[in-house]
Amino acid sequence: MLDDVEGLKEVWDKGKAVHCMFCHGYENRDKKLAQLGLNPMVVHVLGGIGTLSKDVTVLTNEPVGASDPKVMDAVKSLGFSIIEGKVESTKLTHDDDKVEIAVKDAGKTTFDVLLWTPSTTVSEGVRPLLDNLGLQVKSGSMPINEYVEPINPMGKTSVPGVFVAGDIQTPMKSVSMALASGSIAGAFAHFDFGHL
Ligand SMILES: Cc1cc2nc3c(=O)[nH]c(=O)nc-3n(C[C@H](O)[C@H](O)[C@H](O)COP(=O)(O)OP(=O)(O)OC[C@H]3O[C@@H](n4cnc5c(N)ncnc54)[C@H](O)[C@@H]3O)c2cc1C
């Protein structure tokens, strides 16, 4: 996925691309931010970013005219700018301090940080296991965000004896959620097995 945009891997490796403004927001407050990609979920996330930075530009990364006008209006109503067009490349400036982004027919613009939320999918190693168990993989909204929904808050699934914990059990993936769900699922799986 990092290879989809030229240079993104290098920018990511240097910490100049971040996947979540709520995880990396304090360090990047009041900076000049570029959001890579536009979809309704982006509008939802950007709605909470105004307290961290007022200088946000959304790069649609789609051909000019291809983006949903309603979603574009929603971004503008938040007071943020939009640059339409496919992103051709991202590049660190010579001191690794900023990111220069080239957009087709819109030239180059330099930003402090690039926001980019990758899709999170069930790994190819785990998918056959879920299929064999008969567990259904759901997908959250854009970008693709796969998970197996538990049928109760203890991580129990629709398949008897199978519990889910961690990233796999929620579209909102974070360390604290993973820890909490693991703690609960572990305990209740233990009780459950006692009744098998
Ligand atoms: C770039 C990035 C930045 C993030 N930043 C933050 C942040 O700032 N704050 C925050 O709260 N969260 C952050 N997260 C999310 C956080 O990392 C995850 O929510 C958390 O690590 C999930 O824990 P987990 O134990 O469920 O899964 P993981 O940490 O993914 O652990 C799963 C483990 O299972 C192993 N595994 C997979 N398949 C198999 C198999 N078939 N057999 C054996 N082992 C297997 C994997 O190798 C891995 O070690 C970030 C995630 C990413 C990708």
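What counts as what
Residues numbered from 1 in each chain as written. Predicted model: local features only at pLDDT ≥ 70, side-chain atom pairs only at ≥ 80, totals over all residues. Pairing = 2+ DSSP bridges. Helix = DSSP H or I, 4+ residues; strand = E, 2+ residues; numbered from the N terminus. Axes fitted to C-alpha atoms, helices over the stretch in contact; angles between N-to-C directions. Buried ≥ 20, exposed ≤ 12 C-beta atoms within 10 Å, placed from the backbone. Domains from an automatic or database assignment. Core = buried A, V, L, I, M, F, W, Y, C linked by C-beta atoms within 7 Å. Contact = placed C-beta atoms within 7 Å. Near = placed C-beta within 6 Å. Nonpolar A, V, L, I, M, F, W, Y, C, P; charged D, E, K, R; others polar.

1. Looking at the sheet that holds strand 6 (residues 99–103)
Item 1. Strand order in this open sheet of three strands is 5-6-7, and the pairing throughout is antiparallel. Here the strands that pair on one side only, and so sit at the sheet edges, are strand 5 (87–92) and strand 7 (107–111). On average, each strand axis in the sheet is inclined to that of its neighbour by 20°, with strand direction left out of account.
Item 2. Here strand 6 pairs with strand 7 via five bridges, running antiparallel.

2. Side note on the sheet that holds strand 3 (residues 56–59)
Item 1. Taking strand neighbours across the sheet as the criterion, the five strands line up as 1-8-2-3-4 in an open arrangement whose pairing is parallel. In this open sheet, the two strands that pair with only one neighbour each are strand 1 (17–18) and strand 4 (81–83).
Item 2. In terms of strand pairing, strand 1 meets strand 8 (residues 113–115) through two bridges, oriented parallel. Its bridge partner being in strand 8, A17 is matched across the sheet by L114.

3. Digging into the pairing of strand 6
Item 1. With burial as the criterion, only one face of strand 6 is covered, namely that bearing V99, I101 and V103; the residues E100 and A102 on the opposite face remain uncovered.
Item 2. Across five bridges, strand 5 lies against strand 6 in antiparallel orientation. Pairing of L92 across the sheet is with V99, part of strand 6.
Item 3. The antiparallel pairing of strand 5 with strand 6 creates a hairpin that spans six residues between the two strands, and D96 there sits at a positive phi of about 60°.
Item 4. Count of turn residues in the strand 6/strand 7 antiparallel hairpin: three residues, of which D105 carries a positive phi of about 65°.

4. Here we look at the domain arrangement of the protein
Item 1. Examined at the domain level, the protein breaks down into domain 1 (2–115) and domain 2 (135–194).
Item 2. Distance between the C-alpha centres of domain 1 and domain 2: 31 Å.

5. Details of the nonpolar core
Item 1. Judged by nonpolar contacts, the single largest core of 27 residues is most densely connected at A34, L114 and L115.
Item 2. Secondary structure elements with two or more residues in this core: helix 1 (8–13), strand 2 (33–36), helix 3 (40–46), strand 3, strand 6 and strand 8.
Item 3. Apart from the residues lying within four places of it in its own chain, the contact partners of L115 are V18, M21, L33, A34, Q35 and L36.
Item 4. One finds V148, F163, V164 and A185 within the second-largest nonpolar core, a separate group that totals seven residues.

6. Regarding the site of the ligand
Item 1. Taken together, the neighbourhood of the ligand is formed by H19, C23, S123, G125, V126, G166, D167, K173, S174, V175, S176 and A178.
Item 2. No other element matches helix 6 (residues 175–194), which puts three residues into the shell around the ligand.
Item 3. For the shell around the ligand, the class distribution of residues is four nonpolar, six polar and two charged.

7. As for the environment of G161
Item 1. Note on placement: G161 falls in the loop between strand 10 (145–147) and helix 6.
Item 2. A sequence separation of 27 residues divides G161 from G134, and the C-alpha atoms of the two residues are 12 Å apart.

8. Some details on the environment of K86
Item 1. With respect to the helices and strands, K86 occurs in the loop between strand 4 and strand 5.
Item 2. Classification of K86 as partly exposed rests on a count of 17 C-beta atoms within 10 Å.
Item 3. Taking the C-alpha atoms as reference, K86 lies 8.7 Å from A102; in sequence the two are 16 residues apart.

9. Concerning the environment of E6
Item 1. Looking at where E6 falls in the secondary structure, it is placed in the segment before helix 1.
Item 2. Among the residues examined, E6 registers 13 C-beta atoms within 10 Å and is labelled partly exposed.
Item 3. The residues contacting E6, other than those within four sequence positions of it, are E88, S89 and T90.

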